[in-house]
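Residues per chain are reported as follows:
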Amino acid sequence: MLKDAQGLVVTTDSANAKAAINRFIDQMLGYGKDAETAVLQAIAADPTCALAHAYAAAYYLTQENRKAWQVALPHLQNAQQYSTKVTAREKLYVQAILAWANQEIDVAIATHEEIANQFPRDLISVQQGQYHYFYTGNKEKLLEIAQKVLPSNPQQHYLYGMVAFGLEQCHQLKAAEKIARQAIALNRYDPWAHHAIAHVMETQGRVEEGIAWMESFADTWENCNSMLYTHNWWHIALYYLQLENYQKVLKLYDTHIWERANKQSPKDQVGAISLLLRLELRGVDVENRWQNISPYLYSRIDEHALPFQDLHYVYALAKAGHHDWVNQMLQSMQYHTLSINPFLRRSWVEVAIPAARGMVAHAKGDFNTTVAELKPVLPRLHEIGGSHAQRVLFGQVYQDAVLSAQQQSWNYGITA
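Remember, it's a predicted structure, so these values are computed and weren't measured experimentally.

Engineer: Could you give an account of the overall build of the protein, naming the residues involved and the relevant values?
Structural biologist: Check the secondary structure of the protein and you find 21 helices and 2 strands. Here the C-alpha radius of gyration of the protein, 22 Å, is about what a compact globule of 416 residues would show, namely 22 Å. Taken over the C-alpha atoms alone, the protein extends approximately 80 × 45 × 35 Å along its principal axes. Looking at the protein residue by residue over its 416 residues, the buried ones come to 58%.

This is the structure in structure tokens:
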């Protein structure tokens, strides 16, 4: 048995496997583009390493698409097969990832909490606990799981960035900026800490400062995976949107957001969709960009990885004129609720599906239906995940529908 860079025991006798696991940990915590390569190298060095297989399964599960889930399954099977003689931490971690694969997110969360309590230096587990809290709308717990391991991880800039994002989501903006700056002082190449401050400055209306801040670090994102690369540029685009510099926003979309996206990545797709919608809400003609993105969304119709993602997909399909696909997706969402556990089902049935109907109605110009569907669920949209900056879009769609419905009613009164 060897210890990883976090000082935690890994059940392997292969120094090469341990070195590759260390690279994987650094890549995952830093949103690097070589995480998959690193974990597969670890498995090649020791095919019986349960933790390496569990890490691989977790990596593929984070991709939130069916193809990647299928790749994750054999790794999960191997992790279980080789976990009979591993450490207690490794067994817990395998259990957490297995629960995730089974969509037992409440079980996965509880297991990551147990790991944080017993093995607080396991930051990969903390990161994944935060991930689940993020997509189930529990910002307080997202912060707490990172805060409680701080004493065991002094001078760990990745953890500082994780805490900073949690603080920002809990509206503790001053504290969030302070610890994010501490992270960056330790390592300029910490894109999650950059991201946390982007949120803070946007919330505080520090638009010009936000642009200067994010663009000063943009060179460091070349080593990021496509998700965070495009997402950090998405935040820059939001600043320019506030300045009403729409040509700049379109240029950023074309050069850094959709152009640099992994076209098959759900998270990259969601960022592109949300930016196009924001532009249209401001009266900007996005030309044929809906049509360009829609072919990549067909595989999402029956996937239902995250309700937050589905609201974007169904809107984009409607805007591109694929109404048969839209109807198919709405029916599939209903069917999906029959196969998931109660922890997730309620948010799908009571929040996601009505919101999806409202988004489709808006895309079709049926503003009265948009208002009727979105108004009851707006206070609960946090339950389906996303950050404040991401979810504010649905409120903007609702307000646009209210004003458009009033305008239509007024026009009808004039012409009747």
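Following the structure, the description resumes.
Engineer: Before we move on, could you go through the side chain of Asp310 and cite the residues and values that matter?
Structural biologist: Residue placement: Asp310 occurs in helix H17 (residues 307-319). No salt bridge is formed by the buried Asp310; the nearest opposite charge belongs to Arg300, separated by 7.3 Å. Discounting chain neighbours no more than four positions away, the residues touching Asp310 are His304, Met329, Met333 and Trp348.

Engineer: Explain the side chain of Ser294 residue by residue, including any values.
Structural biologist: With respect to the helices and strands, Ser294 occurs in the loop between helix H16 (289-293) and H17. Excluding residues that lie within four positions of it along the chain, Ser294 makes contacts with Leu317, Ala320, His322 and Trp325.

Engineer: Lay out the packing of helix H2 (residues 35-45) against helix H3 (residues 50-62) with the relevant residues and their values.
Structural biologist: Where H2 contacts H3, the two axes come as close as 9 Å, and the packing angle between them is 155°. The orientation of H2 with respect to H3, classified from their angle, is roughly antiparallel. Like other packed secondary-structure pairs, H2 and H3 cross with a definite hand, here left-handed. Facing H2, whose interface residues are Ala35, Glu36, Val39, Leu40, Ala42 and Ile43, H3 presents Ala52, His53, Tyr55, Ala56, Tyr59 and Tyr60. By residue class, the composition of the contact of H2 with H3 is 10 nonpolar, 1 polar and 1 charged.

Engineer: With reference to specific residues and values, describe the nonpolar core.
Structural biologist: Counting 150 residues, the largest nonpolar core has Tyr55, Tyr93, Trp221 and Trp290 as its most contacted members. With sequence-adjacent residues up to four places away left out, Trp221 is seen in contact with Pro191, His194, Met214, Tyr229, Asn232, Trp233 and Ile236.

Engineer: So what about unusual backbone geometry? Which residues, and what values?
Structural biologist: Although it is not a glycine, Glu244 adopts a positive phi angle of roughly 60°. Within the fold, Glu244 resides in the loop between helix H13 (226-242) and helix H14 (246-257). Although it is not a glycine, Glu287 adopts a positive phi angle of roughly 55°. By relative accessible area, which is 54% here, Glu287 ends up exposed.

Engineer: Lay out the packing of aromatic side chains with the relevant residues and their values.
Structural biologist: Applying the stated rule across the entire model yields 16 aromatic pairs. Arranged with centres 4.7 Å apart and planes meeting at 55°, the rings of Tyr298 and Trp325 form a pair that is tilted. Placement of Tyr298 in the loop between H16 and H17 and of Trp325 in helix H18 (residues 323-336) is noted, with a sequence separation of 27 residues between them. Taken together, the ring pairs in this structure connect Tyr31, Trp100, Tyr131, Phe134, Tyr135, Phe165, Trp192, Phe308 and Phe394 into an aromatic cluster. The side chain of Arg260 reaches across the aromatic face of Tyr229, ending 4.1 Å from its centre.

How each quantity is defined
- Every chain's residues receive numbers from 1 upward, in the order its sequence appears when written.
- For this predicted model, a pLDDT threshold of at least 70 governs which residues receive local features, and a threshold of 80 or more governs which side-chain atom pairs are given and counted, while totals over whole chains, interfaces and linings are taken from all residues.
- Values shown for side chains rest on all heavy atoms present in the structure; no hydrogens or waters enter the calculation.
- Numbered from the N terminus, helices here are DSSP runs of H or I no shorter than four residues, and strands are runs of E no shorter than two.
- C-alpha atoms define the radius of gyration in this analysis, and the globule rule sets the expected value at 2.2 Å times the number of residues to the power 0.38.
- Buried, partly exposed and exposed residues are distinguished by accessible area as a fraction of the type maximum, computed with a 1.4 Å probe on protein chains only: under 20%, between the cut-offs, and over 50%, respectively.
- Only four residue types enter the tally: Lys and Arg on the positive side, Asp and Glu on the negative side, with His and both chain ends excluded.
- We count a salt bridge whenever a side-chain nitrogen from Lys or Arg sits within 4 Å of a carboxyl oxygen from Asp or Glu.
- Contacts are residue-level and defined by heavy atoms, with any inter-residue pair within 4.5 Å sufficient.
- Comment: axis = line fitted to C-alpha atoms, over the contacting stretch for helices; angle = value between 0 and 180 degrees taken between N-to-C directions.
- When describing relative orientation, an angle under 35 degrees is termed roughly parallel and one over 145 degrees roughly antiparallel, while 65 to 115 degrees is termed roughly perpendicular and anything else oblique.
- Left-handed describes a crossing whose near helix is turned anticlockwise from the far helix through less than a right angle; right-handed describes the clockwise counterpart.
- Each residue gets one label: Ala, Val, Leu, Ile, Met, Phe, Trp, Tyr, Cys and Pro are nonpolar, Asp, Glu, Lys and Arg are charged, and the others, such as Gly, are polar.
- Nonpolar cores are built from buried Ala, Val, Leu, Ile, Met, Phe, Trp, Tyr and Cys residues. Side-chain atoms within 4.5 Å join them into one set.
- Two aromatic rings from Phe, Tyr or Trp, using only the six-membered ring of Trp, form a pair when their centres are within 6.5 Å; if the ring planes differ by under 30 degrees the pair is stacked, by over 60 it is edge-to-face, and anything between is tilted.
- We call a charge positioned over a ring when the NZ of a Lys or the CZ of an Arg lies within 6 Å of the ring centre and within 35 degrees of the ring normal.

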